[in-house]
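Structural features, examined
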Amino acid sequence: MANEVCFRTLEYLKQPWELEEYKSRGGYEVLTHILKNKVGPSEVVETMKASGLRGRGGAGFPTGLKWSFISRNAPGQKYVVCNSDEGEPGTFKDRDILRYNPHQLIEGMVIAGYAIGATVGYNYIRGEFWEEYERFEAALEQARAAGFLGDNLLGSGFDFQLHSHLGGGAYVCGEETALLESIEGKKGQPRFKPPFPAHFGLYGRPTIINNTESLSSVPVILKEGGEWFKELGVENSGGSKLFSISGNINNPGVFEVPLGTPFSELFELVGGMKDGRKLKAVIPGGCSSPVIPGEQMMDLTMDYDAIQKAGSMLGSGAIVIIDDQQCMVKMLDRMSYFYHEESCGQCTPCREGTGWLWRVVNRIENGKGRQEDLDLLESVCGKIAGRTVCALGDAAAMPVRGMLKYFQEEFQYHIDHKRCMVGAGPTKGLG
Amino acid sequence: MTDELVTIEVDGRELKAKPGTMLIDVTDAAGINIPRFCYHKKLSVSANCRMCLVEVEKVPKPLPACCTPVNEGMKVSTRSPMALGAQKGTMEFLLINHPLDCPICDQGGECELQDVAVGYGSDVSRYSEAKRVVPQRDIGPLIATDFTRCIHCTRCVRFGAEIAGVRELGATGRGEHMTIGTFVEKSVDSEMSGNVIDLCPVGSLTAKPSRYKARAWELTQHDSVAPHDSVGSNIHVHTRNNRVVRVHPKENESINEIWLSDRDRFSYEGLNSEDRLTQPMVRKNGEWQEVEWQEALEFAVKGLQSAAGSDGDQLATLVSANSTLEELYLAQKLTRGMDSGNIDHRLRQSDFRLDGNDSPVPGLGITIQGIESLDAALLVGSNVRKEQPIIAHRLRKAAKSGAKVSFINPLWIDLHFEADQFVSTPAVMVDNLASIAKAASAKLTGNLAKLVKAAEVSETAKSVAEQLKSANNGVIMLGNQAAAHPDYSLLVVLASAIAEATNTSLSYIPALSNSVGAALAGALPHRGPAASLVEKCGANAQMMQSKPRKAYLLMGAEPGFDFWDPSLINSALDQAECVVALTAYHSESLASCADVMLPIAGFAETSGTLVNAEGTWQSFNGLVKPQGDARPAWKVLRVLGNLLDIDGFDQNSSDDVLEELKSHAAETAIDNSVSTKTAGELNSSTEGLYRIGDVPMYASDALVRRASSLQRTNSAEPAAVRLSANQAKSSDVEEEETLVVVQDGNRAQLPLIIDPRVPDGAVWISSALPGTEKLGGQFGVVTLEKA
Amino acid sequence: MKILNNPLQARNKEEIFSEEIRQDIDCWIAKYPPEWKQSAVMAALRIMQDDNGGWLTTELMDDVAEYLDMSPIHVYEVATFYSMYELKPVGKHKICICTNIACMINDSDSIVKHLKKKLEIGFGEVTEDGRFSLKEVECLGACGGAPMFQIGRKYYENLTPQVVDSILDGLE
Ligand SMILES: Cc1cc2nc3c(=O)[nH]c(=O)nc-3n(C[C@H](O)[C@H](O)[C@H](O)COP(=O)(O)O)c2cc1C
Ligand code: SF4
Ligand code: FES
């Protein structure tokens, strides 16, 4: 596919993770140019702003703007942190970047460091990604040996050290401040904000933290120009984006397409539904984004505004495609269990509320639901959303609300008949 | 940031505040109540309970007041539908897993959760799932836990990290499985651990000693002052049916803030000890008999008179500096009224060579709060963390904000802040101080000049001298073990010369709750009330023992436990004709040597005044009736004065006594000046195995020695012989062996513990513990024999 | 006059771990600012866990605390927060099977059932011979290959009962 950004090396190279191969596709040229010509850091930030790149970690915050919050000339250490904790169910794109294109991430991080005046970076890789971590470590070695990392890069006087930090199995560490706490050797409990990491980040120092895909996009944006990138996408959604597409489909995988691409095209790309089943619903942006019925999805384009207008979120671009054999109550049961298990436990609404949500959904799933439970779920969601320290609370409430919005009849059926209305059949409840 | 204030509006009221202040601090100051659980003004903000949510104009979500900084023009409603809805929502969440076992909860009636629930809860629970139950954990004899009630505010965890300086409690597990505790079965041992009881907003952490003793609303609260160390922490004493049921801190920002050491909190248990003396007792024909007051008093008076006769010098009065100002004043008045100058409160001092040139009213010389703004401190002979925990807490704050703190000590101490420790045998401690004196070019004369000249100046000595010199606000503090040091006078003069040379101040950390008051009251052989030098100097504590007198008057002191050298005082008392003891306890140690025991009121049973380390006079009332027939000591002394026909014993109240003393000493301030630049020869030596005898924190006075819960903590270790591994090897002894310690011909059998805190050449044997009450001085040469 | 090393730090750092382990942990310590040794706690726990057959004892956690100058409770907090640390023995091969949505709708249930039957253990249990233990985990970020599991450090994707059999048979 043309105009790829994070995957530009993939189809053309045998071992795109090797330094030499990466260089053969123009790798590290941008960094070299910046360092040799002493390109102004503010120019780098301006280009990033112009690109319209919105954070690919899920929140969609403009990357250039985030970088501009750091006062480059303030004395003292600053940090660049990459979020490779990829844990939102349905998301598996950063893993591919780490596996197949680690040098582009390294290059992006060094440039980010240059832009904000940071000399140290950490890549926080989820602990389960051991093979990806080893791949990334090997790339770091190569980059160090080639002078792209370390002291006085290419004689420019700019130093940049980059390390990986391995997680230990906690979804919440994907939340940026929990991630910082985790690097600091603590439990991954999110910090309240303000202050934001740009002012009080890692070790209390100014820090930018971006998703793997966001940082990997940097070299290409600087090479081709902010405008170029922006033009790839649509209004308010610049660039191309990686979509992790999974579910009951023939050809799951990670696809890089321009933002604004119709969902129906992606649906083609993944070869449609498996076993000739029918498309029932789509989770468009990771587990926490509210579900959208299949037919409505077919009319949507994959960009921030369109998905938001449909009442959901583009999030991390993790699309889970669900067929008509799946029970939405069981799905929600599993999702709610996830948030309940992964709640860090520090703030009351999330610690207590996620467990409550799951227990009620689980009861309905098991044929013990009561009529008032549907209102209760809605009300508990309302008491979690917007009141927690980090967005995990919101993430737990959103799928519940989404399911109740479009698939309430399945829940009602479970309550009324103590069994399931779809093919997946009556579950545990009847026993 | 500028000093300009911003204006905000809260519930329609206009408030001014510094920009960036957290909203909850602004509303608290204005008396606007926002419910909260995790927020605590003395702890870092964690913003996790989400109870303090309020509505801020133009913000679509409710914001937590505890972590929302104010800015100009902010409009806040704390009770709008959005705010109340959010607060009630949080309350509902907090209650779903709470056991709601209020009727059997010790926190009942003073529970923040209960209080807030009344305002924000709803009566019907919509939660129909099983509630979370957390297994019980035993964390020691002081704190009862019921973590099922925990609401995860983490105040206790933050307290450990931020205030106590040791992380003992933690929150392990994740999400709903997160529980507070020690994770492994382990007791909480910090000297300030009890504060988590106050911090815990629910009944998850409660006081074990007072558990189930009373419901909060049955208690009467009184103000008082803690009776152990020289901080004079302000306390609330809670009583019921004429008994002290518990003690809580009373906020006083300039003294103890809101904190209390465990000793001050739990020692009240000693009041109700079984060996309280409740009836006067006299020894007749070698047998102890309970008698009426009149008879006892007459017995005492006759005894004193016949023993001392007309020779005042035959009367020796030894008083505990935990006595009140009024008691100490009357005791010296009585002694001097009998023509004796022999009165002393310095029972744990052995070197009195400086008397006359000593500091008239030794004390901190700065305020307790002022310790926080020190930028350098050298502590000599002090285990401040155990001995005066609140002072250590202030020092810790100073150290955390950059103060350089060093210690010259005979033992390594466990500290909760960054400091350098110079540890050596007692004799070398003097050298170490001399070395700093030399590095600081301190001016000394005579013997000390020689000592300093001979001292080696190491790099570390230079750096300490430099730290003191470059400090704007530095002190050299002498602690409990300096005062007990055989070369105290040398330490004082050296310290004062260093202070002068480095432009810092000399400071004393007095040991007991009224050490400063004892100087003001004149309970000294060479100084009368207001610390004025007397014409005819009496015998000091040491002389009163080494040259036995015929009559002794003891107040609040137990021979085996409160004296520098128990064997010495015992032998002196054994030789005496008459020993009159004013005591709250019937102790073995007194019964074996006294002739009359007069029961006196204990802590909280009498009115009086204590003067703390910084010189603050703090008076308190008697709160419960003295047990049995015990009487306040000031009254006993007054009657004794009358019976002895001494003038000026007609006060009607302790206030009268106080007024009388005030007429002398109200204006007398702490005065740490030292009027000499030399001192005598070194007493301590490097020859032989040298004993270091500290006073363990829970052995420091008669009350705490009887506080049963404190005695069950890990900090109340039984007596032992402690040696470094090196020393044990060269002394050819092994861990867990039982050894016989021989000191000045006195023997004691004690187990050996290898302890890396002891310097080579020394042996650490704490004093004031059962097992050491027959040994010699706190410092001195001992030999070890196999049992 | 000299400052001695504080003897309350009972052990010399060299005595705590073997040379090899120390080097491994020290590599991690070196990544962080000198005053932030505790940043290496997660790595140190992982290293000790691997060294100890896949799980952590209190003693090992205490060692880590001592080595990194942390309070033990702080280390317990970390070890109990992250799901990859095991505080009970596990099998030589720890099978972590994802049952989150993408895997679930691709019938991870049947893989779970197959595993439980084949190994005769439930979640959180170890086979009698100590070779396998089974753990239900959250999304491992390999939803494109659902259903999937991880054994040790390796991912296995697109599982069917037959594939599972051949994988397990291929393990030592
Ligand atoms: C519970 C939670 C989990 C998250 N997990 C991830 C994650 O796995 N990867 C990620 O990049 N961002 C994750 N985020 C978003 C981050 O907090 C943060 O916004 C992001 O890393 C910023 O990078 P970006 O601006 O480049 O997107 C998560 C947020 C929350 C609240
Ligand atoms: S966390 Fe909560 S109650 Fe605690 S003070 Fe704040 S938000 Fe308030
Ligand atoms: S849902 Fe199983 S790997 Fe993502």
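What this report covers is the structure whose coordinates are included nearby. (Residues numbered from 1 in each chain as written. Chains lettered and ligands numbered in written order. Predicted model: local features only at pLDDT ≥ 70, side-chain atom pairs only at ≥ 80, totals over all residues. Heavy atoms only, no water.)

All names here are of chain A. Taken together, 18 residues form the shell around ligand 1, and within it Gly57, Asn83, Asn210, Asn211 and Ser214 come nearest. In this structure, an oxygen atom belonging to ligand 1 sits 3.0 Å away from a side-chain N or O atom of lysine 66. Contact distances for ligand 1 include 3.0 Å between an oxygen atom and a backbone N or O atom of glutamate 176. Isolated, ligand 1 exposes 610 Å² of accessible area, and the fraction of that covered by the protein chains is 90%. Here the shell around ligand 1 gets three residues from one element, more than from any other, and that element is strand E4 (residues 207-211). For the shell around ligand 1, the class distribution of residues is four nonpolar, eight polar and six charged. (Near = heavy atom within 4 Å. Polar contact = N/O pair within 3.5 Å; in protein donor to acceptor, adjacent residues only side chain to side chain. Areas by Shrake-Rupley, 256 points an atom, 1.4 Å probe, with all protein chains shown as cover. Helix = DSSP H or I, 4+ residues; strand = E, 2+ residues; numbered from the N terminus. Nonpolar A, V, L, I, M, F, W, Y, C, P; charged D, E, K, R; others polar.)

Residue and element names in this part refer to chain A. A cluster of nonpolar side chains, namely Phe61, Leu65 and Phe69, defines an oily patch on the protein surface of about 250 Å² accessible area. Mapped onto the elements of the fold, leucine 65 is located in helix H4 (residues 63-68). Taking relative accessible area as the criterion, leucine 65 reaches 33% and is therefore assigned partly exposed. (Patch = residues over 30% accessible without salt bridge, like charges linked within 9 Å, V, L, I, M, F, W, Y side chains within 5 Å. Salt bridge = Lys/Arg side-chain N within 4 Å of Asp/Glu carboxyl O. Buried < 20%, exposed > 50% of the residue type's maximum accessible area, 1.4 Å probe, protein only.)

Surveying the vicinity of ligand 2 reveals the residues B:Arg36, B:Phe37, B:Cys38, B:Tyr39, B:Ala47, B:Asn48, B:Cys49, B:Arg50, B:Met51, B:Cys52, B:Pro64 and B:Cys66. Residue composition of the shell around ligand 2, by class: nine nonpolar, one polar and two charged.

This part is about the pattern of salt bridges. All told, the structure shown has 88 salt bridges over all chains when counted by the stated rule. The salt bridge partner of A:Lys280 is A:Glu410, with a shortest N-O separation of 2.6 Å. In this pair, A:Lys280 sits in strand E8 (residues 279-283) while A:Glu410 sits in helix H17 (residues 392-417), placing the two residues 130 residues apart along the sequence. The buried category is assigned to A:Glu410, whose relative accessible area is 3%. A salt bridge links B:Arg36 to B:Asp28, with the nearest nitrogen and oxygen atoms 2.7 Å apart.

Let's shift gears to the interface of chain B and chain A. Counting residues at the interface gives 33 residues for chain B and 34 residues for chain A. Together, the buried faces of chain B and chain A total about 2,800 Å²; carbon and sulfur atoms form 52% of this surface. Considering only the surface of chain B that becomes buried against chain A, B:Phe93, B:Arg174 and B:Glu176 emerge as the three largest contributors, covering 27% of it. Where chain B packs against chain A, one counts five salt bridges. At the junction of chain B and chain A, the tally comes to 20 residue pairs in polar contact (both at pLDDT 80 or more). (Contact = heavy atoms within 4.5 Å. Buried area = accessible area lost by both parts, 1.4 Å probe.)

Turning to the packing of aromatic side chains, a few remarks are in order. By the definition in use, this model includes 27 aromatic pairs over all chains. Ring plane angle 40 degrees and centroid distance 6.3 Å describe the contact between A:Trp17 and A:Tyr100, whose orientation is recorded as tilted. Note that A:Trp17 is positioned in the segment before helix H1 (19-24) and A:Tyr100 in helix H5 (residues 93-100), a separation of 83 residues in sequence. Taking the relative accessible area as the measure of exposure, A:Trp17 reaches 18% and is therefore buried. Taken together, a centroid distance of 5.2 Å and an interplanar angle of 80 degrees make the contact between A:Trp356 and B:Tyr127 edge-to-face. (Phe/Tyr/Trp six-rings, centres within 6.5 Å; stacked < 30°, edge-to-face > 60°.)

Because the α-helix completes a turn every 3.6 residues, residues three or four places apart line up on one side. Residues and elements named next belong to chain B. Turning to helix H12 (residues 446-454), its buried residues are Asn447, Leu448, Leu451 and Val452. Buried residues of H12 fall within an arc of 130 degrees about the axis and therefore sit on the same side. Away from its buried face, by an angle of more than 90 degrees, H12 presents the exposed residues Lys450, Lys453 and Ala454. Here the buried face of H12 lies against helix H11 (426-439) and helix H15 (488-502). (Arc of directions from axis to C-beta.)

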